[in-house]
Amino acid sequence: MAFELPNDFRCPISLEIMSDPVILQSGHTFDRVSIQRWIDSGNRTCPITKLPLSENPSLIPNHALRSLISNFAHVSPKESRPRTQQEHSQSQSQSQSQSQSQSQALISTLISRSSTNASRLESLTRLVRLTKRDSSIRRKVTESGAVRAVLDCVDSGNQVLQEKSLSLLLNLSLEDDNKVGLVADGVVRRIVAVLRVGSPDCKAVAATLLTSLAVVEVNKATIGSYPDAISALVSLLREGNDRERKESATALYALCSFPDNRKRVVDCGSVAILVEAADSGLERAVEVLGLLVKCRGGREEMSKVSGFVEVLVNVLRNGSLKGIQYSLFILNCLCCFSREIVDEVKREGVVDLCFSLEDYESEKIRRNATNLVHTLLGVQ
């Protein structure tokens, strides 16, 4: 009797059975060799979700999946020889056909007024799994008009339904064609409500969903101008757990790439909160500050925060390449803004630090270090 190993056992990058599965911070699993090659090539986005990763992404061993693959392969003689390209194509075609038929039944259950919460939860759970990797099913869900039913689940007050529906909306937002449509359908209002009163897991997913939607320029303006959207993210950054704070900072970074949003973020009292987060080791906060320093209000608020220069100097000494790059840029902007900050930066020994950084491989770090030295020494 022949067995077929499930497609979930295959690395999304190499399409081969994983020998050392690891979990990326996006939640997706890859074979260690393949994802490490992806990271070493300079990529800092998840290959599946396209959402940003940290400068040095951690790879967590997926012991459970590794055990499953090992046990399954032990009784799977068909995998004793590599599959031909034709066999692999046939398997993919059959799998896609099955997924399409399954998705239609699940969508029907989801939108049916007679469905129970239990059946909706089952449909959401399976649709989350199907839409994670299949763009055709993501399009099918949106084209079927099921988004309204998903939004109703977000509004249901049922924590489990809410989390699954947010996860499905996040998957749907991976399609660029869906991003504007989801905002038009009213998803931002639901996200803001969840950021205010949802469970910790729901809040984290909601912030990630905002990041995904903000990839589209018009959505950055729409989200930024929506009442309480930015203030809800700032509150989450101040009060949330580690995951919530990281996701809220990432969403703020995405929104602040749109210049009009920077003043809005500053006006919500975010600067002192971001500095505190940066001091605690959240380097994404430094990146957000690197965008806020471009507006006058941001520079004014940063100059008022006691110990901010010391925080940035600590990042210069101990931070990642990205953190160093942004810290140099922020310091240069602040030194151009305030003579008092110039004196403080000099006292912290930043000139010598910059000289040591001018030999770095990163061109951006070398350039930012040189610019800061010129500013500090009065060279035009």
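The structure presented is a predicted model; accordingly, all values stated were derived computationally and were not measured.

**Student:** Would you mind showing me how to read the overall build of the protein chain here?
**Tutor:** A tally of regular secondary structure across the protein chain gives 22 helices and 3 strands. Each of the 380 residues in the protein chain was classed as buried or not, and the buried ones make up 48%. A separation of at least 24 residues holds for 65% of the contacts in the protein chain among residues at least 6 apart in sequence. With the model as given, the accessible surface of the protein chain reaches about 18,300 Å², and the carbon-plus-sulfur share is 48%.

**Student:** How do you make sense of the packing of helix α21 (residues 350-357) against helix α22 (residues 363-377) when you look at a structure like this?
**Tutor:** In the contact formed by α21 and α22, the axes pass within 9 Å of each other and the chain directions differ by 150°. Seen from above, α21 lies across α22 with left-handed handedness. Where α21 abuts α22, its residues Val350, Val351, Cys354, Phe355 and Leu357 lie against Ile365, Arg366, Ala369, Leu372, Val373 and Leu376. Among the residues forming the contact of α21 with α22, the class breakdown is 10 nonpolar, no polar and 1 charged.

**Student:** What exactly am I supposed to notice about the layout of surface pockets here?
**Tutor:** A water-sized probe, rolled over the atoms, reveals where empty space remains. Here the second largest pocket is characterised by a volume of approximately 600 Å³. Only α13 (242-256) and α16 (283-292) provide two or more residues apiece to the lining of the second largest pocket. When grouped by side-chain class, the residues that make up the lining of the second largest pocket number 7 nonpolar, 8 polar and 11 charged.

**Student:** Would you mind showing me how to read the pattern of salt bridges here?
**Tutor:** Pairing of side chains with opposite charge becomes possible as their charged atoms draw close. A full pass over the atoms with the stated rule returns 15 salt bridges. One salt bridge in this structure joins glutamate 175 and arginine 138, with 2.8 Å as the shortest N-O distance. Of this pair, glutamate 175 sits in the loop between α7 (159-172) and α8 (176-184) while arginine 138 sits in helix α5 (residues 135-143); the two residues are 37 residues apart in sequence, bridging distant segments of the chain. Using a relative accessible area of 14% as the deciding quantity, one classes glutamate 175 as buried. The class for arginine 138 is buried, based on a relative accessible area of 8%. Between lysine 263 and aspartate 267 there is a salt bridge, and its shortest N-O distance comes to 2.8 Å. Of this pair, lysine 263 and aspartate 267 both sit in helix α14 (residues 259-267), 4 residues apart, which is roughly one turn of that helix. For aspartate 267, a relative accessible area of 53% corresponds to the exposed category. What emerges from the salt-bridge pattern is a single network uniting Arg138, Arg139 and Glu175.

**Student:** Just to check I follow, could you spell out the side chain of glutamate 287 for this structure?
**Tutor:** Along the chain, the position of glutamate 287 falls in helix α16. If sequence neighbours within four positions are ignored, glutamate 287 has contacts with Tyr253, Lys322 and Tyr326.

**Student:** Quick question: what am I supposed to make of the environment of aspartate 20 here?
**Tutor:** Considering the arrangement of structural elements, one finds aspartate 20 in the segment before β1 (21-23). Aspartate 20 gets classed as partly exposed once you look at its relative accessible area, which sits at 21%. On a C-alpha basis, the gap between aspartate 20 and isoleucine 69 in space is 9.9 Å, while along the polypeptide they are 49 residues apart. One polar contact links aspartate 20 to arginine 32, side chain to side chain, over a distance of 2.8 Å.

**Student:** Looking at this structure, how should I read the packing of aromatic side chains?
**Tutor:** The description of two aromatic rings rests on the distance between their centres and on the angle between their planes. Enumeration according to the criterion identifies 1 aromatic pair in this entry. Across from the ring centre of tyrosine 253, 5.5 Å away, lies the NZ or CZ of arginine 284, which sits over that ring.

**Student:** Help me out: how do you make sense of the environment of lysine 322 in this one?
**Tutor:** Locating lysine 322 in the fold gives a position in helix α19 (residues 321-337). Taking the relative accessible area as the measure of exposure, lysine 322 reaches 28% and is therefore partly exposed. As a C-alpha pair, lysine 322 and serine 362 span 40 residues in sequence and 9.6 Å in three-dimensional space. Apart from residues lying up to four places away in sequence, lysine 322 is in contact with Glu55 and Glu287.

Rules used throughout
- Residues numbered from 1 in each chain as written.
- Predicted model: local features only at pLDDT ≥ 70, side-chain atom pairs only at ≥ 80, totals over all residues.
- Heavy atoms only, no water.
- Helix = DSSP H or I, 4+ residues; strand = E, 2+ residues; numbered from the N terminus.
- Buried < 20%, exposed > 50% of the residue type's maximum accessible area, 1.4 Å probe, protein only.
- Contact = heavy atoms within 4.5 Å.
- Areas by Shrake-Rupley, 256 points an atom, 1.4 Å probe, with all protein chains shown as cover.
- Axes fitted to C-alpha atoms, helices over the stretch in contact; angles between N-to-C directions.
- Left-handed = near helix turned anticlockwise from the far one by under 90°.
- Nonpolar A, V, L, I, M, F, W, Y, C, P; charged D, E, K, R; others polar.
- 1 Å grid on protein atoms, 1.4 Å probe; cavity = no way out; pocket = protein on both sides within 12 Å on 5 of 7 lines; lining within 4 Å.
- Points joined across faces, edges and corners; volume = space filled by probe spheres on them.
- Salt bridge = Lys/Arg side-chain N within 4 Å of Asp/Glu carboxyl O.
- Polar contact = N/O pair within 3.5 Å; in protein donor to acceptor, adjacent residues only side chain to side chain.
- Phe/Tyr/Trp six-rings, centres within 6.5 Å; stacked < 30°, edge-to-face > 60°.
- Lys NZ or Arg CZ within 6 Å of the ring centre and 35° of its normal.

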